[in-house]
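# Topology and contacts: notes
So the chains spell out like this:
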Amino acid sequence: MNSSLKPVVFLCAAAVLAISPCAYAADKPAAPADLALSCQNPVKKGDTAQSLKKRYPGNTTVQEVDGPEGATQKVLVLYPQNQMKPYRVEVYFDDDAMTRLVSVNINSDKSQWTYQGLKILDSIPAVEKQNGKPLTLYGFGWDYGGHVTSFNEGTFSTPSSDCTPHFRFQLRTDKNAPKAILGEQKIKSSLPAVIQAQPYLSEISLDFVEQK
């Protein structure tokens with residue numbers, strides 16, 4: 001055996017006794033070059049599952065994820081390997097062949113992706129600041145709770161020609177949350193009860209316009 005290979009063999013063999021750097025590296029794929037979410041990154045209008053698999057070889061998989069009202073849906077996941085999910089992106093299509101792009105979604109608490117300077121776990125005031133106006137959202141505590149329904153003519157009200165942003169907020173706990181901000185109703189982000197509850201940004205999606 002070439003003696004120059006021995007340190008490498010020894011290093012990886014050490015995994016028997018402890019967590020080795022080799023195993024750690026396998027669980028920590030290289031970060032995307034650009035972590036700024038946009039209508040062109042990491043997915044763009046016209047993309048299909050096939051085109052994304054070619055663009056991100058070894059960094060895609062199809063998974064089934066939970067949806068509202070007990071439904072599940074198959075999505076193409078980018079960067080699925082790391083357990084902490086810092087780069088995970090869920091890509092939604094409206095056909096089984098995954099050729100008609102609908103949206104991309106990030107929702108991991110550890111996500112490193114940003115959108116217009118915003119990131120998962122940001123506060124409602126942080127989003128309001130970027131939007132320039134308060135938000136309207138569904139009350140919390142049900143399947144569609146916390147979804148923003150209107151940006152009220154703020155910055156995010158004017159989408160690009162390719163996609164439009166969508167945000168969802170979540171309470172850290174529903175316990176003792178005032179009824180005024182719960183249930184199937186629309187509420188303003190500027191309500192004192194909302195401010196006091198301190199919801200955090202739990203999902204950032206980009207919804208793609210209908211393709212002609």
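Residues numbered from 1 in each chain as written. Predicted model: local features only at pLDDT ≥ 70, side-chain atom pairs only at ≥ 80, totals over all residues. Heavy atoms only, no water.

## Focus: the state of the cysteines
What counts, and what does not: Pairs of cysteine sulfur atoms within 2.5 Å are identified as disulfides in what follows. Secondary structure elements are defined from DSSP: runs of H or I of at least 4 residues count as helices, runs of E of at least 2 residues count as strands, and each element is numbered from the N terminus.
Inspection of every chain in the model, using the stated rule, returns one disulfide. Disulfide pairing places Cys 39 opposite Cys 163 at an S-S distance of 1.9 Å. Here the disulfide of Cys 39 and Cys 163 is left-handed, its torsion about the S-S bond being about -85°. Separated by 124 residues along the polypeptide, Cys 39 in the loop between helix H2 (21-26) and helix H3 (49-55) and Cys 163 in strand S7 (residues 163-170) bring together distant segments of the chain.

## Notes on the packing of aromatic side chains
Rules: Each Phe, Tyr or Trp ring (for Trp, its six-membered ring) is paired with any other whose centre lies within 6.5 Å, and the angle between the two planes then decides the class: stacked below 30 degrees, edge-to-face above 60, tilted in between.
One pass over the structure, following the stated rule, counts nine aromatic pairs. Geometrically, the ring pair formed by Tyr 138 and Trp 142 is edge-to-face, given 5.5 Å between the ring centres and 75° between the ring planes. Here a set of aromatic residues connected by ring pairs shows up, and it is made of Tyr 115, Phe 151, Phe 156 and Phe 167.

## Details of the pattern of salt bridges
As a reminder of what qualifies: For this document, the term salt bridge refers to a Lys or Arg side-chain nitrogen within 4 Å of an Asp or Glu carboxyl oxygen. Burial here depends on accessible area, computed with a 1.4 Å probe over protein chains only, as a share of the maximum for the residue type. Under 20% is buried, over 50% is exposed, and the range in between is partly exposed.
Across all of its chains, the model carries six salt bridges by this definition. Across the pair Asp 47 and Arg 55 runs a salt bridge whose closest N-O atoms are separated by 2.6 Å. The class for Asp 47 is buried, based on a relative accessible area of 3%. On the basis of relative accessibility, which here comes to 32%, the residue Arg 55 falls in the partly exposed class. A salt bridge links Glu 203 to Arg 168; the shortest N-O distance between them is 3.7 Å. One end of the pair, Glu 203, is in strand S9 (residues 200-208); the other, Arg 168, is in strand S7, and 35 residues separate them in sequence. This pair shows no difference in class: Glu 203 is buried, exactly as Arg 168 is. The network of salt bridges with common partners includes Lys 44, Asp 47 and Arg 55.

## Section: the pairing of strand S2 (residues 72-78)
Condition: When DSSP finds two or more bridges between two strands, those strands count as paired.
By the bridge criterion, seven bridges tie strand S1 (residues 60-66) to S2 in an arrangement that is antiparallel. What sits directly across from Val 65, in S2, is Gln 73. Counting the residues in the hairpin turn of S1 and S2 gives five residues, including Glu 69, whose phi is positive at 55°. Pairing geometry for S2 and strand S3 (residues 89-93), over three bridges, is antiparallel.

## Regarding the confidence of the model for the protein chain
The line we're drawing: Values of pLDDT, ranging from 0 to 100, describe the predictor's confidence in every residue of the model. Contact criterion: two residues are considered in contact whenever any of their non-hydrogen atoms come within 4.5 Å of each other.
Chain-level statistics for the protein chain give a pLDDT mean of 86 and a share of 85% at 70 or above. For the protein chain, per-element mean pLDDT is lowest for helix H1 (residues 6-13), which scores 38, and highest for strand S5 (residues 136-138), which scores 98. Across residues 1-26 the pLDDT falls below 50, and counting only partners more than four positions away or on other chains, this stretch makes six contacts in the model.

## Focus on helix H4 (residues 124-131)
The criterion, for reference: Arc definition: directions from the helix axis to the C-beta atoms.
Here H4 has its buried residues at Ile 124, Val 127, Glu 128 and Asn 131. Along H4, the residues classed as buried sweep out an arc of 100° about the axis, all on the same side. Summarising the geometry of H4, the exposed residues directed more than 90 degrees from the buried face are Pro 125 and Lys 129. Where H4 is buried, its residues meet S7, helix H5 (192-197) and S9. Phi turns positive, to about 80°, at Gly 132, one or two residues after H4.

## Some points on the sheet that holds strand S8 (residues 186-188)
Rules: Angles here are taken between N-to-C directions and fall from 0 to 180 degrees, while the axes themselves are lines fitted to C-alpha atoms, restricted in helices to the stretch in contact.
Read across the sheet, three strands follow the order S6-S5-S8 without closing on themselves; strand pairing throughout is antiparallel. Bordering the open sheet on either side are strand S6 (148-150) and S8, each of which pairs with just one other strand. Strand-to-strand twist across the sheet, computed as the mean angle between neighbouring axes with direction ignored, equals 40°. As paired strands, S5 and S8 are joined by three bridges and run antiparallel to one another. When the sheet's bridge partners are listed, Leu 137 is paired in S8 with Ile 187.

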